[in-house]
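In case you want the letters, here they are:
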Amino acid sequence: MRVLIAFFTLTLLGFPPGTSHARPPVPGISEISGTIRDGEARVRFTLQNAFTPEMVEALKSGIEISFKTTVEVERVYRRWFNRPMGQVRYTRSVRYDALAGVYRLHRDDGDELLADVLAALDRMTRFEVVVPVTGNVEKGKPYRARVRARLDKVGLSEPLRSIFFFSSLWDVETDWARGNLQAP
């Protein structure tokens, strides 16, 4: 009798027994850390769950994938408005070159050739960005970095952009994530 009641309850709630309602992992920014001194902040972070299996297969077939990242640095005040000190927008893209058999990683600070897809995905998701900052940096005071990333669909060719516009599998955008910076 209990099994029958549980079955009807789950069915009424829209969860038939035996089915899984696992959602795909949500993309996000994690492990934000870094230092700030002498007119610049070095911010490290990781982009997690950014590549769906469909995106990895598209990458292997030669479609270029680009992410645009925004990094902001601010001085944190208690019970007052934080002071913006610097911002940088950063683009990173990867494409498989079938003729050379390598993945070409393009960053704002240079290009890199990678032998396999796992190395390409790792390099696409680990960042160390330099942000020029204005104003004095006071030793021991609280500073923070805010980071957000999104897939750049503009870099796709026109037929693909139209197709992917209607596919939620290619809607990759993170929320703002925050992490403290050390002021040694």
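The coordinates are above.
Predicted, not measured: the structure shown is a model, and the values here were computed from it. (Residues numbered from 1 in each chain as written. Predicted model: local features only at pLDDT ≥ 70, side-chain atom pairs only at ≥ 80, totals over all residues. Heavy atoms only, no water.)

Asker: Describe the sheet that holds strand S3 (residues 65–75), with residues and values.
Answerer: Read across the sheet, 6 strands follow the order S6-S5-S4-S3-S8-S9 without closing on themselves; strand pairing throughout is antiparallel. Among the strands making up the open sheet, the edge pair consists of strand S6 (110–114) and strand S9 (177–181). The sheet shows a mean angle of 20° between the axes of neighbouring strands, direction not considered. Relative to strand S5 (residues 102–107), strand S4 (residues 83–97) runs antiparallel, the two being bridged by 6 bridges. Counterpart to Arg-92 in the pairing with S5 is Arg-107. Against the sheet, helix H2 (residues 53–60) engages S3, S4, S5 and strand S8 (143–151), with an angle of about 55° to S4. The strands touched by helix H3 (residues 117–125) are S3, S4, S5 and S6; relative to S4, the strand with the most contacts, the crossing angle is about 165°. (Pairing = 2+ DSSP bridges. Helix = DSSP H or I, 4+ residues; strand = E, 2+ residues; numbered from the N terminus. Axes fitted to C-alpha atoms, helices over the stretch in contact; angles between N-to-C directions. Contact = heavy atoms within 4.5 Å.)

Asker: Can you tell me about the pattern of salt bridges, naming the residues and giving the values?
Answerer: Evaluation of the coordinates by the stated rule reveals 10 salt bridges. In this structure, Arg-104 and Asp-97 form a salt bridge, with 3.0 Å as the shortest nitrogen-oxygen distance. Each of the salt bridges in this network shares a partner with another, and the network as a whole consists of Glu-40, Arg-42 and Glu-128. (Salt bridge = Lys/Arg side-chain N within 4 Å of Asp/Glu carboxyl O.)

Asker: How would you summarise the side chain of Arg-92 if you had to cite specific residues and measurements?
Answerer: Along the chain, Arg-92 falls in strand S4. Ignoring any residue separated from it by four or fewer positions in sequence, one finds Arg-92 in contact with Ile-65, Ser-66, Phe-67, Leu-105, His-106, Arg-107, Arg-123, Met-124, Arg-126 and Phe-127.

Asker: Provide a residue-level description of unusual backbone geometry, including the pertinent values.
Answerer: Phi is positive for Glu-31, close to 55°, though the residue is something other than glycine. Positionally, Glu-31 belongs in strand S1 (residues 28–37). The class for Glu-31 is exposed, based on a relative accessible area of 54%. We note that Arg-79 has phi near 60°; this positive angle belongs to a residue other than glycine. Residue placement: Arg-79 occurs in the loop between S3 and S4. Arg-79 sits in the exposed class, given a relative accessible area of 77%. (Buried < 20%, exposed > 50% of the residue type's maximum accessible area, 1.4 Å probe, protein only.)

Asker: Explain the pairing of strand S2 (residues 40–48) to me, and be specific about the residues and the numbers.
Answerer: Judged from the 8 bridges that link them, S1 and S2 form a sheet pairing that is antiparallel. Bridge pairing in S2 places Thr-35 opposite Arg-42. Adjacent in sequence and paired antiparallel, S1 and S2 are bridged by 2 residues, among which Asp-38 carries a positive phi angle near 45°. Relative to strand S7 (residues 126–132), S2 runs antiparallel, the two being bridged by 7 bridges. Across the sheet, the residue bridging to Phe-45 is Phe-127, located in S7.

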